[in-house]
Amino acid sequence: MTADLILNAVQLGLIFAILSLGEYITVNIMDNPDLTVDGSFVTGAAACAMMTLAGHPVLGLFGALIAGALCGCVTAFLMTKMKIQPLLAGILTMTGLYSINLRIMNGSPTVNLFSGGKPAQTLFSNPSTRLYVLLAVVVLIIVLLAFFFKTNLGLMLRASGDNEQMVRSSSINTSRMKFLGLGLSNALVGLSGAVLAQFQNFADISGGTGMLVLGLAGIIIGEAIFRPKNVTMGLIASAIGAILYRILYTIALRLGFAASDMNLVSSILVALTISIPAIQKYMKGRKKNA
């Protein structure tokens, strides 16, 4: 691979690291994988794209954060107030978001960030600073999340994920914790979609397909390699895992896999990564029996 391909893979890996950090909250902290992700990712991208075209790229990123958080809160409402099973609640929100995202994009399945034949001004218009801006964003998110999870509110959220019954008996409102966790998670997912839209200069209605698996891949690969012992290391491992996954994805493309095969490749890669402990145990057993 050329240096440019590796650089592009790292940059995309940093974008999807934001996605993995968002999913880390629901998967590892709340112990509740959230299917809202495939919809809220596009919501963030669509909201940011429209605001960027209006000449407000920075506000577009903040708008994506808010839009993503609202998506998570809808899922939390369905779970806590409507008493809908978490998996189904995420599916319902994700399905409904397809129509909402189309409305945000004025009925068009694709929004190109071009004005007068030229790309709109974004945070990533200068190729020489893209890597540093993305790295700064990811590091800032990790620092803020690591600090948050050490606060009383963050500890309550972590406790709610570990043992909801015990936390409820301690007079902690677990419903509010679900609103907080899902809102924060999908805010980061929306931000990831927004950054990708500005990076690629377009937002697509089908851009969220497979994002749940992609985000999980970063988390799983990071944990398989680094075996984090605490939340801070878990966040760092998830971000690095997302970058490594994107590099592996790029290598797979260079090996001749068609783009249409990449969802299958992703699934196999994630399955193999999850199976690493079982494979290691099997190999140790064979050595003992040899």
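Residues numbered from 1 in each chain as written. Predicted model: local features only at pLDDT ≥ 70, side-chain atom pairs only at ≥ 80, totals over all residues. Heavy atoms only, no water.

### A word on the overall build of the chain
- Tallying secondary structure elements over the chain gives twelve helices and four strands in all.
- For a compact globule of 290 residues, the expected C-alpha radius of gyration is about 19 Å, and the chain comes in at 19 Å, within 12% of that figure.
- Within the chain, the fraction of its 290 residues that count as buried is 45%.
- Here the contacts in the chain between residues at least 6 apart in sequence split such that 79% fall between residues at least 24 apart.
- Carbon and sulfur atoms provide 65% of the accessible area of the chain, an area that totals close to 14400 Å².
- On the chain, the mean spot of the 19 positive side-chain charges and the mean spot of the 10 negative ones are 7 Å from each other. (Helix = DSSP H or I, 4+ residues; strand = E, 2+ residues; numbered from the N terminus. Rg over C-alpha atoms; globule rule 2.2 N^0.38 Å. Buried < 20%, exposed > 50% of the residue type's maximum accessible area, 1.4 Å probe, protein only. Contact = heavy atoms within 4.5 Å. Areas by Shrake-Rupley, 256 points an atom, 1.4 Å probe, with all protein chains shown as cover. Lys, Arg positive; Asp, Glu negative; His and termini not counted. Charge placed at Lys NZ, Arg CZ, Asp CG, Glu CD.)

### Section: the side chain of threonine 80
- Within the secondary structure layout, threonine 80 lies in helix α3 (residues 57-80).
- Setting aside anything within four residues of it in sequence, one finds threonine 80 in contact with Ser175, Lys178 and Phe179.

### Quick word on the environment of valine 111
- Inspection of the secondary structure assignment puts valine 111 in strand β1 (residues 110-112).
- Its relative accessible area of 7% is what places valine 111 among the buried residues.
- Measuring from C-alpha to C-alpha, the distance between valine 111 and phenylalanine 202 comes to 5.5 Å, with 91 residues separating the pair along the chain.

### Notes on helix α5 (residues 130-148)
- A rise of 1.5 Å per residue sets the reference length of α5, with its 19 residues, at 27 Å; its end C-alpha atoms lie 27 Å apart and thus fit the reference within 8%.
- Among the residues making up α5, those that are buried are Arg130, Leu134, Val138, Ile141, Ile142, Leu145, Ala146 and Phe148. Down the axis of α5, the sector holding all buried residues measures 165°, keeping them to one side. In α5, the exposed positions angled more than 90 degrees off the buried face are occupied by Tyr132, Leu144 and Phe147.
- Contacts made by the buried residues of α5 are with α1 (3-29), α6 (152-162), α8 (174-200) and α10 (231-254). (Expected span 1.5 Å × (residues − 1). Arc of directions from axis to C-beta.)

### Some words on a nonpolar patch on the surface
- A cluster of nonpolar side chains, contributed by Leu264, Ile268, Leu272, Ile279, Tyr282 and Met283, occupies part of the molecular surface with about 610 Å² of accessible area.
- Every element with two or more residues in the nonpolar patch is listed here: α11 (262-274) and α12 (276-289).
- Among the structural elements, methionine 283 can be located in helix α12. (Patch = residues over 30% accessible without salt bridge, like charges linked within 9 Å, V, L, I, M, F, W, Y side chains within 5 Å. Salt bridge = Lys/Arg side-chain N within 4 Å of Asp/Glu carboxyl O.)

### Regarding the packing of α3 against helix α4 (residues 86-104)
- Between α3 and α4, the shortest axis-to-axis distance is 9 Å and the interhelical angle comes to 135°. By the angle class used here, α3 and α4 are oblique. Crossing of α3 against α4: the hand is right-handed. Here Cys71, Val74, Thr75, Leu78 and Met79 of α3 come into contact with α4, specifically with Pro86, Ala89, Gly90, Leu92, Thr93 and Leu97. (Axes fitted to C-alpha atoms, helices over the stretch in contact; angles between N-to-C directions. Parallel < 35°, antiparallel > 145°, perpendicular 65-115°, else oblique. Left-handed = near helix turned anticlockwise from the far one by under 90°.)

### Here we look at the environment of proline 119
- Its place among the elements puts proline 119 in strand β3 (residues 118-119).
- Taking the C-alpha atoms as reference points, proline 119 and leucine 53, 66 residues apart in sequence, are found 9.5 Å from one another.

### Examining the side chain of threonine 122
- Mapped onto the secondary structure, threonine 122 falls in the loop between β3 and α5.
- Residue threonine 122 is classed as buried on the basis of its relative accessible area, which comes to 8%.
- A distance of 3.0 Å separates the side chain of threonine 122 from the backbone nitrogen of phenylalanine 124, its partner in a polar contact.
- Those residues in contact with threonine 122, other than ones at most four positions away along the chain, are Thr52, Pro57, Gln198 and Asn201. (Polar contact = N/O pair within 3.5 Å; in protein donor to acceptor, adjacent residues only side chain to side chain.)

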